[in-house]
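The primary structure of each chain is shown beneath.
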Amino acid sequence: MTPIRRDLLPDTATVDGSGRLAIGGCDVLDLAAEFGTPLFVYDEQHLRSRCREAVAGFPDGVAYATKAFLCGAMAHLAYEEGMDLDVATGGELQVALHAEVPADRLIFHGNNKSPLELEMALDAGVKRIVVDNSDEMDRLEALRGRGPAVDVLIRVNPAVQAHTHHYLQTGVADSKFGFALAGGVAAAAVARARASRAMRFIGIHAHIGSQVYATSSFAKTIEALAGFAAESAAEELSIGGGLGVAYVGDERAPSLSDWAATVRAAGESLGVTARITAEPGRSIVAAAAVTAYRVGVIKRIAGIRTYVAVDGGMSDNPRPVLYGSGYEAFLGRSTDAERELPVRIVGKHCESGDVIVAEAMIPEDTVVGDVLITPVTGAYGHSMGSNYNMVLRPPVVFVRDGSARLVVRRETYSDLLARDLGV
Ligand code: LLP
């Protein structure tokens, strides 16, 4: 198999004469030695350039969906680059506020916001609440009989089938998210919000799913919502996030600019007068990062397969287990090497499903101690990580212009014991 496709690597990735990979001017093997493995390495210039592309593509407003990857440094970076932030829980809200992102740049999401979370959001003064259901409206009314009304978007389920894994579809009719467009449910929600003293109706929101390559699916969403946006006199129409990225082989994904252009063209051709906004997550961060692991075991089972075990696993990247997602792998010391050895890359967790790359091709001279790298791990890896088997969560470094900044330190055994009140 051929070497790793360079365009799966972060924008500033370079390879020196001996084949060693550098990102942001930092040698990745040196980073692995300094910070240990597993290690998430994010290319700061890549992150900033995707934020700028999103802001240029959606000049009427665009939020970074923090669920894809969140820490103080990322929250602040997206804010500095002009994005709002979508936070979907009290925890994400706290991290954003801790990162000194002004509350009026935060859009609060969630399909089951607790009274406490809503109170936190109102007290902080978030920019908008995206209201998902009538119970949430009850809660907002109970909380704000007194205070000023909060700006809301009504989450609408447009029943558009996005081309993606069914776990990642959110806009089909059978979904826990939003008010159905069908049967007048969403219209009733808009009427209720308009009449309420607790809410100020701003517009509507839809999110059809994630890892969607077909920009036509988003145009279809605009089509499905254009009439309703006009009837409800929405000032804003948010199409959510969901743009896919390439992970493996010959996959190709549209750029953020292509996505924005398609969505806005659909709006124009349908005479949509509402501001069209969006909230990408994955397409901002996924390809900005790689994970560096160290190979600990190479087990050749004659006539069956070769297992390569690394020092992380489903606790830093649960996507292969959850969705059967594919990744590529290569050696940090010989980035451009041919990859001719078929192996299964697994983690260190106590279950057979703990797979990082089910059918990987890596260089034949791979040995124990090598640094193995999986690209495109910047979205939904760190953020969906766990402590399964009490494995310590990896650190995150941001690299830029030859310097590395540790933005999340490695978890320690004392962190693990901090909440355990003992015998
Ligand atoms: N807005 C809303 C309301 C969302 O629910 C999501 C993602 C986004 C925006 C951002 O979507 P993105 O641009 O990242 O596709 N864990 C799964 C993805 C779950 C996405 C959940 N919602 C994965 O690893 O593929």
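What you see is a predicted model; the values in this text were computed from it and never measured. (Residues numbered from 1 in each chain as written. Predicted model: local features only at pLDDT ≥ 70, side-chain atom pairs only at ≥ 80, totals over all residues. Heavy atoms only, no water.)

1. Brief notes about the site of the ligand
For step 1, the next point in the chain: Near the ligand, the surroundings consist of 19 residues, among which Ser-210, Arg-282, Arg-319, Tyr-323 and Tyr-380 are the closest.
For step 2, the next point in the chain: A distance of 2.9 Å separates an oxygen atom of the ligand from a polar backbone atom of Gly-281.
For step 3, the next point in the chain: At a separation of 2.8 Å, an oxygen atom of the ligand approaches a polar backbone atom of Arg-282.
For step 4, the next point in the chain: Against a free-state accessible area of 590 Å², the protein chains account for coverage of 91% of the ligand.
For step 5, the next point in the chain: The class makeup of the residues in the shell around the ligand is 6 nonpolar, 7 polar and 6 charged.
For step 6, the next point in the chain: Here the shell around the ligand spans two domains, and each of domain 1 (6–43 + 286–417) and domain 2 (44–284) adds at least three residues to it. (Near = heavy atom within 4 Å. Polar contact = N/O pair within 3.5 Å; in protein donor to acceptor, adjacent residues only side chain to side chain. Areas by Shrake-Rupley, 256 points an atom, 1.4 Å probe, with all protein chains shown as cover. Nonpolar A, V, L, I, M, F, W, Y, C, P; charged D, E, K, R; others polar. Domains from an automatic or database assignment.)

2. Digging into the domain arrangement of the protein
For step 1, the next point in the chain: For the protein, the assigned domains read domain 1 (6–43 + 286–417) and domain 2 (44–284).
For step 2, the next point in the chain: Listed per partner, the contact involves 29 residues of domain 1 and 26 residues of domain 2.
For step 3, the next point in the chain: Of the roughly 2400 Å² buried at the junction of domain 1 and domain 2 (both faces included), carbon and sulfur atoms supply 58%.
For step 4, the next point in the chain: Together, Tyr-323, Tyr-380 and Phe-398 form the three largest contributors to the area buried by domain 1 at its contact with domain 2, with a combined 23%.
For step 5, the next point in the chain: Residues Arg-252 and Asp-7 are paired through a salt bridge, measuring 3.4 Å at the closest nitrogen-oxygen approach.
For step 6, the next point in the chain: Run the count over domain 1 and domain 2 and you get 15 residue pairs in polar contact (both at pLDDT 80 or more).
For step 7, the next point in the chain: The set of elements that each furnish at least two residues to the side of domain 1 that touches domain 2 consists of strand E4 (39–43), helix H11 (319–323), strand E20 (396–400) and strand E21 (403–408). (Contact = heavy atoms within 4.5 Å. Buried area = accessible area lost by both parts, 1.4 Å probe. Salt bridge = Lys/Arg side-chain N within 4 Å of Asp/Glu carboxyl O. Helix = DSSP H or I, 4+ residues; strand = E, 2+ residues; numbered from the N terminus.)

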